[in-house]
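Geometric and topological summary
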Amino acid sequence: MYIINASAATILSTLQRQFQICFVDKDRWKQMLSGLGNTLIITVFALIIGVVIGVLVAAVRSSFDKNEEQMKFKGGPGYAVMKFINGICKIYLTVIRGTPVVVQLLICYFIIFKSSSNGVMVAIFAFGVNSGAYVAEIFRGGIMSIDPGQFEAGRSIGFNYFQTMRYIIIPQMFKAVLPTLLNEFITLLKETSVAGYVAVTDLTKAGNSIAGATYQYYMPLLTVAAIYLIMVMGLSGLFGKLERRLRKNER
C-alpha cells in the first residue's frame, strides 16, 4: 500500500510540475487561450460564410435541376443565364471538393491574399469557401428530398418559385439536414487545426508551440485534444436539443 501511495504521489507531483512548466511559467496559458479564441473566431465566421454560399449554390443547382426541361422548352436568355450560373457552381464544387483544404489555405495566403498579413481573415475566407461547397451539396440533397407537392402547394396559394423556396422549402430543408449540417460544423472545427500553416496561432499551433518551447509534449497536446473533445461534445449536445425542439414543434 505504501508503494502504491508513493507511486501515486510521484505521478501527481510530476503532473503538477509539468503543468507548471507548460501553462503557468511565462503565462503560457494565455497563449492557449488566444489560440482557442482564434479557433472559435475562424470556425464561427467560416461557418456563416459557408452557410450563405451553400444556400445560394444549392438554390441555383436545385432550381436548375428541377426546372431544366421547362426552361429549355421555353428557351430565351433566362435559360442560357441559368445554365451558365449552374455551370459556374458545378466548377466551384468540383474544384473545392477535389482539392485538399490545406492547399486551398496556402493558395489563399500566399497567392490570392499575398499582400495581407491578417492570417485569421485569410483562414476565415479559405475555410468558409471550402465549407460552402460541402454545405451546398448538403442543402441541395435536402431540397431535392422535399416532396414536389410542397412546391405545388406554394404555387397554389400564390407564391412564386423564390417565395416558395423561402417560406416553405428551405425551412423544411433545414430540419431534414440538421444532423448532417452538425457533422459539417464539427468537421470544420477540427479542420481549423491546420490554420497554423499560415502563421495563425490557433489552438493546435499554440499547443505545439508550448510543447516545442518546454520539450514537454504530452501535457499541452493532450490538453489541446481534450479541449477539442469538449467543444465537439458541447456542440453535439446543443444541436441535439435543437433537433428535439424542432421535432416537438412539428407535433
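Residues numbered from 1 in each chain as written. Predicted model: local features only at pLDDT ≥ 70, side-chain atom pairs only at ≥ 80, totals over all residues. Heavy atoms only, no water.

**Here's the deal with a nonpolar patch on the surface**
On the surface, a nonpolar cluster with roughly 530 Å² of combined accessible area is contributed by I41, V44, F45, I48, V52 and L56. Here I48 is to be found in helix α2 (residues 28-74). We classify I48 as partly exposed; its relative accessible area is 47%. (Patch = residues over 30% accessible without salt bridge, like charges linked within 9 Å, V, L, I, M, F, W, Y side chains within 5 Å. Areas by Shrake-Rupley, 256 points an atom, 1.4 Å probe, with all protein chains shown as cover. Salt bridge = Lys/Arg side-chain N within 4 Å of Asp/Glu carboxyl O. Helix = DSSP H or I, 4+ residues; strand = E, 2+ residues; numbered from the N terminus. Buried < 20%, exposed > 50% of the residue type's maximum accessible area, 1.4 Å probe, protein only.)

**Brief notes about the state of the cysteines**
As used here, a disulfide is simply a covalent bond connecting the sulfur atoms of two cysteines. Counted according to the given criterion, the structure contains zero disulfides. With no disulfide of its own, C89 lies closest to C108 among cysteine sulfurs, the gap being 18 Å. With a relative accessible area of 9%, C89 lands in the buried category. (Disulfide = S-S within 2.5 Å.)

**Quick notes on the pattern of salt bridges**
For the coordinates displayed, the defined rule picks out three salt bridges. A salt bridge links D27 to K30, with the nearest nitrogen and oxygen atoms 3.8 Å apart. Overall, D27 belongs to the partly exposed group, its relative accessible area being 38%. According to the relative accessible area criterion, K30 is partly exposed, its value standing at 46%. Between E137 and R140 there is a salt bridge, and its shortest N-O distance comes to 3.4 Å. Highlighted residues: E137 and R140, both in helix α5 (residues 119-145), separated by three residues, approximately one helical turn. On the basis of relative accessibility, which here comes to 23%, the residue E137 falls in the partly exposed class. What emerges from the salt-bridge pattern is a single network uniting R97, E137 and R140.

**Section: the layout of surface pockets**
In this structure, the largest pocket encloses a volume near 240 Å³. Lining the largest pocket, in full, are V55, L56, A59, V60, S63, N67, M82, Y161, F162, M165 and I170. When residues of the lining of the largest pocket are traced back to their parent elements, those giving at least two are α2 and α7 (161-191). It is α2 that provides the largest number of residues to the lining of the largest pocket, a total of six residues. Partitioning the lining of the largest pocket into residue classes produces nine nonpolar, two polar and no charged. (1 Å grid on protein atoms, 1.4 Å probe; cavity = no way out; pocket = protein on both sides within 12 Å on 5 of 7 lines; lining within 4 Å. Points joined across faces, edges and corners; volume = space filled by probe spheres on them. Nonpolar A, V, L, I, M, F, W, Y, C, P; charged D, E, K, R; others polar.)

**Let's talk about the packing of aromatic side chains**
Using the criterion set out here, one finds two aromatic pairs in the structure. Each ring, one from F113 and one from F125, has its centre 5.1 Å from the other, and the planes form 80°; the classification is edge-to-face. Of this pair, F113 sits in the loop between α4 (101-112) and α5 while F125 sits in helix α5, placing them 12 residues apart in sequence. (Phe/Tyr/Trp six-rings, centres within 6.5 Å; stacked < 30°, edge-to-face > 60°.)

**Here's the deal with the nonpolar core**
Core analysis: the largest hydrophobic core is formed by 36 residues, its most contacted members being M32, I42, L105 and F127. The set of elements that each furnish at least two residues to this core consists of α1 (2-24), α2, α4, α5, α7, α8 (203-214) and α9 (218-250). If you tally residues by element for this core, the top one is α9, at seven residues. Within the second largest apolar cluster, 15 residues are counted, among which are A58, V135, Y161 and M173. (Core = buried A, V, L, I, M, F, W, Y, C linked by side-chain atoms within 4.5 Å.)

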